[in-house]
Amino acid sequence: MAKSIIEGLEKYFLQCDMLKDGCLRVDFMGEKPVEYSIEVLPCDPVIKKYVNGDTIRQYLFAFGSREYYSQERLQNIENSAFYERFSDWVEEQNKSGNLPELPEGKEAQGIYVVSSGYLFGESKTSARYQIQLRLEYYKEA
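Conventions used here
Residues numbered from 1 in each chain as written. Predicted model: local features only at pLDDT ≥ 70, side-chain atom pairs only at ≥ 80, totals over all residues. Heavy atoms only, no water. Helix = DSSP H or I, 4+ residues; strand = E, 2+ residues; numbered from the N terminus. Rg over C-alpha atoms; globule rule 2.2 N^0.38 Å. Buried < 20%, exposed > 50% of the residue type's maximum accessible area, 1.4 Å probe, protein only. Polar contact = N/O pair within 3.5 Å; in protein donor to acceptor, adjacent residues only side chain to side chain. Contact = heavy atoms within 4.5 Å. Phe/Tyr/Trp six-rings, centres within 6.5 Å; stacked < 30°, edge-to-face > 60°. Arc of directions from axis to C-beta.

Enquirer: Can you help me understand the overall build of the protein in this one?
Expert: The helix and strand tally for the protein stands at two helices and seven strands. Mapped in sequence order, the helices and strands of the protein form the string α-β-β-β-β-α-β-β-β. Rg of the C-alpha trace for the protein: 16 Å, near the compact-globule value of 14 Å for 141 residues, within the 12% margin. With the C-alpha coordinates aligned to their principal axes, the bounding extent of the protein is approximately 55 × 25 × 25 Å.

Enquirer: Would you mind showing me how to read the side chain of Arg128 here?
Expert: Looking at the secondary structure, you find Arg128 in strand E7 (residues 126–139). Owing to a relative accessible area of 10%, Arg128 belongs among the buried residues under this scheme. Of note is the side chain of Arg128, whose polar atom sits 2.7 Å from the side chain of Glu39. The residues contacting Arg128, other than those within four sequence positions of it, are Met29, Glu39, Gly64, Ser65, Arg66, Tyr118, Leu119, Phe120 and Gly121.

Enquirer: Mind showing me how you'd approach the packing of aromatic side chains here?
Expert: Remark: the centre distance and the inter-plane angle together describe each pair of aromatic rings, the angle taken between the planes. Summed over all chains, the structure comprises 16 aromatic pairs. Relative to Phe13, the ring of Tyr12 has its centre 5.0 Å away and its plane inclined at 75°; by these criteria the two rings are edge-to-face. The pair Tyr12 / Phe13 is uniform in exposure class, with both members buried. Each member of the aromatic cluster is reached from another via a ring pair, and the members are Tyr12, Phe13, Tyr36, Tyr59, Phe61, Phe63, Phe82, Tyr83, Phe86, Trp89 and Tyr129.

Enquirer: I'm lost on helix H1 (residues 5–13) in this one. Help?
Expert: Since the α-helix packs 3.6 residues into each turn, any two residues three or four apart lie on the same face. Looking only at H1, the buried set comprises Ile5, Ile6, Gly8, Leu9, Tyr12 and Phe13. End-on view of H1: buried residues confined to an arc of 160°, all on one side of the axis.

Enquirer: Looking at this model, I keep getting lost on unusual backbone geometry. Mind explaining?
Expert: What is expected of a backbone is that most residues other than glycine have negative phi and most peptide bonds are trans. In this model, Pro33 is joined to Val34 through a cis peptide bond whose omega is -5°. Checked against the element boundaries, Val34 lands in the loop between strand E1 (23–26) and strand E2 (35–40).

Structure below.
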């Protein structure tokens, strides 16, 4: 069982076979490709509150990567195409019920893609891309 939501997300994304040999980090991304990061985004966590105090909540986050980048269009097309495939992977995992393991008293209901993958910043040799996602989960009072 995960000790935190972010730990559950990390373990979940480590199952994705599309991640190249790059490392997966939390709230940090280095300057050299290929690296991946999960970063928490601000949001109102409570979606619905029940009379007994139980809640349906959301956890908004970005999944980002540092990729090779240049004027070569094929490289940049591949970078963008990764996020199309990654989005499909998330949707397939959601459909099949393969969701992150969360701490006791919390149960994942689904992971949803909030934005398409997009270029977030670049240098001459690398670029940061990211996609925004939302974990919806049930929390006992």
